[in-house]
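Structure assessment
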Amino acid sequence: MTDTSVTWLTQEAHDRLQAELERLSGPGRTEIAERIAAARDEGDLKENGGYHAAREEQAKNEARIRELTEKLRTAQIGTPPDDGTVEPGMVVTATVAGDEMVFLLGSREIAGTTDIDVFSPGSALGAAINGKTVGDSASYTAPNGNEIPVEIVAAKPFQG
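To start, this report covers the structure provided alongside it. The structure presented is a predicted model; accordingly, all values stated were derived computationally and were not measured.

Another aspect to go through is the sheet that holds strand E3 (residues 90–96). Across the sheet, 5 strands lie side by side as E5-E4-E3-E7-E6; this open sheet has mixed pairing. Two strands close off the open sheet at either side, each with one partner strand: strand E5 (117–119) and strand E6 (137–141). Strand-to-strand twist across the sheet, computed as the mean angle between neighbouring axes with direction ignored, equals 45°. Sheet topology note: the strand E4 (residues 99–105)/E5 ladder contains 3 bridges and is parallel. Paired with Leu 105 across the strands is Phe 119, a residue of E5.

Our next topic: the side chain of Asn 61. As for its placement among the helices and strands, Asn 61 is situated in helix H2 (residues 49–73). A polar contact of 3.3 Å, which involves the side chain of Asn 61, links it to the backbone oxygen of Leu 24. If we ignore the near neighbours within four places in the chain, the residues touching Asn 61 are Leu 24, Gly 28, Arg 29 and Ile 32.

With that settled, the discussion passes to the packing of aromatic side chains. One pass over the full model with this rule turns up 1 aromatic pair. Each ring, one from Phe 103 and one from Phe 119, has its centre 5.0 Å from the other, and the planes form 75°; the classification is edge-to-face. Of the two residues, Phe 103 sits in strand E4 while Phe 119 sits in strand E5, which places them 16 residues apart along the sequence. Taking the relative accessible area as the measure of exposure, Phe 103 reaches 0% and is therefore buried.

The next thing to look at is the pairing of E6. On E6, burial follows the alternation: Ala 138 and Tyr 140 on one face are buried, whereas Ser 137, Ser 139 and Thr 141 on the facing-out side are not. Sheet topology note: the E6/strand E7 (residues 147–157) ladder contains 5 bridges and is antiparallel. Note on E7: the bridge partner recorded for Ala 138 is Val 150. Between E6 and E7, which pair antiparallel one after the other, the connecting turn spans 5 residues, and Gly 145 there sits at a positive phi close to 95°.

Attention now goes to the packing of helix H1 (residues 11–40) against H2. The N-to-C vectors of H1 and H2 enclose an angle of 160°; their axes lie 9 Å apart at closest approach. The angle between the axes of H1 and H2 places the two elements in the roughly antiparallel class. Considering how the two elements wind past one another, H1 and H2 form a crossing that is left-handed. Across the contact of H1 with H2, the residue classes break down as 11 nonpolar, 8 polar and 9 charged.

What follows covers the side chain of Thr 74. Relative to the elements of secondary structure, Thr 74 occurs in the loop between H2 and strand E2 (75–77). At a separation of 3.4 Å, a polar atom in the side chain of Thr 74 contacts the main-chain carbonyl oxygen of Lys 71.

This part takes up the nonpolar core. Core analysis: the largest hydrophobic core is formed by 17 residues, its most contacted members being Val 86, Val 92, Ala 94, Ile 129, Tyr 140, Val 150 and Ile 152. Of all the elements in the fold, those that place two or more residues in this core are E3, E4, helix H4 (124–129), E6 and E7. Setting aside anything within four residues of it in sequence, one finds Ile 152 in contact with Val 86, Val 92, Thr 93, Ala 94, Ile 129, Lys 132, Thr 133, Val 134, Gly 135 and Asp 136.

Turning to the environment of Ser 107, a few remarks are in order. Take Ser 107: it is sitting in the loop between E4 and helix H3 (108–111). Spatially, the C-alpha atom of Ser 107 lies 7.9 Å from that of Thr 7, the residues being 100 residues apart in sequence.

About the thresholds
Residues numbered from 1 in each chain as written. Predicted model: local features only at pLDDT ≥ 70, side-chain atom pairs only at ≥ 80, totals over all residues. Heavy atoms only, no water. Pairing = 2+ DSSP bridges. Helix = DSSP H or I, 4+ residues; strand = E, 2+ residues; numbered from the N terminus. Axes fitted to C-alpha atoms, helices over the stretch in contact; angles between N-to-C directions. Polar contact = N/O pair within 3.5 Å; in protein donor to acceptor, adjacent residues only side chain to side chain. Contact = heavy atoms within 4.5 Å. Phe/Tyr/Trp six-rings, centres within 6.5 Å; stacked < 30°, edge-to-face > 60°. Buried < 20%, exposed > 50% of the residue type's maximum accessible area, 1.4 Å probe, protein only. Parallel < 35°, antiparallel > 145°, perpendicular 65-115°, else oblique. Left-handed = near helix turned anticlockwise from the far one by under 90°. Nonpolar A, V, L, I, M, F, W, Y, C, P; charged D, E, K, R; others polar. Core = buried A, V, L, I, M, F, W, Y, C linked by side-chain atoms within 4.5 Å.

Take a look at the structure:
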């Protein structure tokens, strides 16, 4: 089984996420701190909508900073090996319940601005096929309780 804690990123995706992290942890933090200070100067904090909105924005910003930091810390830059094994960073062609689907196994961060469907390795489908190879079959339980059959047709590294 492959290590699902690794995030495969193209160089372009890595650079994009690094730039976002730098913006959020530098100018982004400063802007939010200034809005909090300005709202605090308005007086009563209990009923100060601007203050509460800025604090909520600050919490979201800090959460995104933590998420990006962890993702970049565990990132592998490049592409996974082209060995036909389904793992994060691979574009998978699979027959799912009789229908052919093409999707990226990984995170939306990898896909960037492409319109490819993305399934997380932790999703029911992702967990069922992670580590499988071309020609393998698997199944997963859908939210409605039905068992969904899956057959791996192809697995190629995502090129961005």
